[in-house]
Amino acid sequence: RCAKAMLVFVALHPNLLARRYEIIDQVWPDCDYKAGLDRIYQATSALRRVIAKVTPDLDPFLSYREDKSVSFDPALFACDFEEFADAAKEALTCEGDDARSLDAALRAERLYVGDLFVPSRDFTGYVVARRQELRELYADSMVAGAEAAFRLGRYRISARLADSATDVDDLREDAVEVLVRALRASGRMFEAEQRYKKYAVHFVDRTHMPPSKRLRKAMGEGGRGEGDKQHRQNDGEPMAS
């Protein structure tokens with residue numbers, strides 16, 4: 001468990017590098033520095049043994065004595081959370097280019113397969129903080145992608161991305177707004193009403209305030225007609241008979 005905790009901690013750092021004292025504080029806070037160094041040596045040895053069973057003589061670590069750090073060899077080791085973060089940030093920064101924003105959001109959606117694993121030893125809270133950061137980035141990028149898809153007339157995709165954002169935060173109004181608008185524009189009126197009511201009940205229960213005028217207005221927009229026709233053309237989903 002300690003070796004796994006150390007692996008996760010180092011892998012989540014920029015350049016796959018963490019200082020030794022940071023690792024000790026994270027995984028073995030009850031140790032002094034010298035004893036912590038011994039624990040690091042034991043953990044790295046355990047990981048090397050596991051890897052050697054698959055590929056003998058392959059060492060994933062780079063150690064920098066002058067920096068007193070432990071690092072994974074970037075030529076051998078990679079984490080897809082960095083690729084996810086790049087795609088999610090691109091979705092958020094492509095103002096005026098809806099096609100690019102949507103494409104980036106779809107890449108982020110494919111890469112985000114669930115919350116980041118948190119090992120049993122996370123004494124500094126570093127991994128929990130990174131997990132929350134990635135959750136929020138995921139929700140932000142899903143809303144951005146949903147809004148871009150809506151403007152492009154991709155209503156089915158817009159609704160799916162917005163729904164994914166509400167899975168992270170069910171009180172996120174911008175996600176619910178674009179979800180309701182996309183559902184209505186694609187002719188899914190009953191579903192839009194049900195999602196709005198569900199949100200409204202939770203929102204009032206937690207805040208003792210009504211939903212915003214903007215969201216209530218979104219609930220009155222759209223309907224069948226041109227939106228549903230365009231949805232069928234762009235997303236390939238047949239109209240209900």
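Quick note: structure is the one above.
Okay, so let's go over this structure. Everything numeric in this text was worked out from a predicted model, so none of it was measured. Residue numbering note: each chain is counted from 1, following its sequence as written. Local features in this predicted model are restricted to residues whose pLDDT is 70 or higher, and side-chain atom pairs enter the listing and the counts only when it is 80 or higher, whereas totals over whole chains, interfaces and linings include all residues. The basis for every side-chain value is the complete set of heavy atoms in the structure, and neither hydrogens nor water enter the calculation.

1. Structural notes on the packing of helix H7 (residues 155–168) against helix H8 (residues 173–185)
Stage number 1. Note on geometry: axes are lines fitted to C-alpha atoms, helical ones only across the stretch in contact, with angles between N-to-C directions running from 0 to 180 degrees. Comment: elements are numbered from the N terminus, with helices defined as DSSP H or I runs of at least four residues and strands as E runs of at least two. The interhelical angle for the contact between H7 and H8, taken along N-to-C directions, is 150°, at an axis separation of 8 Å. Taken together, the axes of H7 and H8 lie roughly antiparallel to each other. In the packing of H7 onto H8, the handedness of the crossing is left-handed. Counting all contacts with H7, which are made through Tyr 155, Ser 158, Ala 159, Ala 162, Asp 163, Ala 165 and Thr 166, the residues of H8 involved are Ala 175, Val 176, Val 178, Leu 179, Ala 182, Leu 183 and Ala 185.
Stage number 2. Residue composition of the contact of H7 with H8, grouped by class: 11 nonpolar, two polar and one charged. Oblique is the label for every angle not falling under 35 degrees (roughly parallel), over 145 degrees (roughly antiparallel), or within 65 to 115 degrees (roughly perpendicular). Helix crossings fall into two classes, left-handed where the near helix is turned counterclockwise from the far one by less than a right angle and right-handed where it is turned clockwise. What makes two residues a contact is simply this: any of their non-hydrogen atoms within 4.5 Å. Only Asp, Glu, Lys and Arg are considered charged, only Ala, Val, Leu, Ile, Met, Phe, Trp, Tyr, Cys and Pro nonpolar, and every remaining residue, Gly among them, polar.

2. Remarks on a negative patch on the surface
Stage number 1. A contiguous patch of negative charge on the surface is contributed by Asp 80, Glu 82, Glu 83 and Asp 86.
Stage number 2. Here Glu 82 lies in helix H4 (residues 80–93). Only residues whose relative accessible area exceeds 30% and that form no salt bridge are eligible for patches; like-charged ones are grouped when within 9 Å, while nonpolar side chains (Val, Leu, Ile, Met, Phe, Trp, Tyr) are grouped when within 5 Å. Here the accessible surface of atoms and residues is derived via Shrake-Rupley with a 1.4 Å probe, and residues count as covered only by protein chains that are part of the display. Salt bridge, as applied in this entry: a Lys or Arg side-chain nitrogen positioned within 4 Å of an Asp or Glu carboxyl oxygen. Positive charges come from Lys and Arg alone, negative charges from Asp and Glu alone, with His and the N- and C-terminal ends not counted. Taken as the charge centre is NZ of Lys, CZ of Arg, CG of Asp or CD of Glu, depending on the residue.

3. Things to note about the layout of surface pockets
To locate leftover empty space, one rolls a probe as large as a water molecule over the atoms.
Stage number 1. As a volume, the largest pocket reaches approximately 340 Å³.
Stage number 2. Put simply, the grid is 1 Å and covers the protein atoms alone, a cavity is a trapped set of points that fit a 1.4 Å probe, a pocket is an open set with protein on both sides within 12 Å along at least five of seven lines, and lining residues have an atom within 4 Å of a point. Taken together, 17 residues form the lining of the largest pocket, with Asp 80, Phe 81, Leu 116, Phe 117 and Leu 134 sitting closest to its centre.
Stage number 3. Listed by contribution, the elements that provide at least two residues to the lining of the largest pocket are helix H1 (2–11) and H4.
Stage number 4. Along the lines of polarity and charge, the residues of the lining of the largest pocket split into 14 nonpolar, one polar and two charged.
Stage number 5. The volume enclosed by the second largest pocket comes to roughly 210 Å³.
Stage number 6. For the second largest pocket, the lining is made up of 10 residues, of which Arg 20, Ile 40, Tyr 41, Thr 44 and Ser 63 are closest to its centre.
Stage number 7. At the level of secondary structure, the elements contributing two or more residues to the lining of the second largest pocket comprise helix H3 (33–54) and strand S2 (61–64).
Stage number 8. Looking at the lining of the second largest pocket, its residues break down into five nonpolar, two polar and three charged. Grid points are joined across faces, edges and corners, and a volume is the space filled by probe spheres set on the points.

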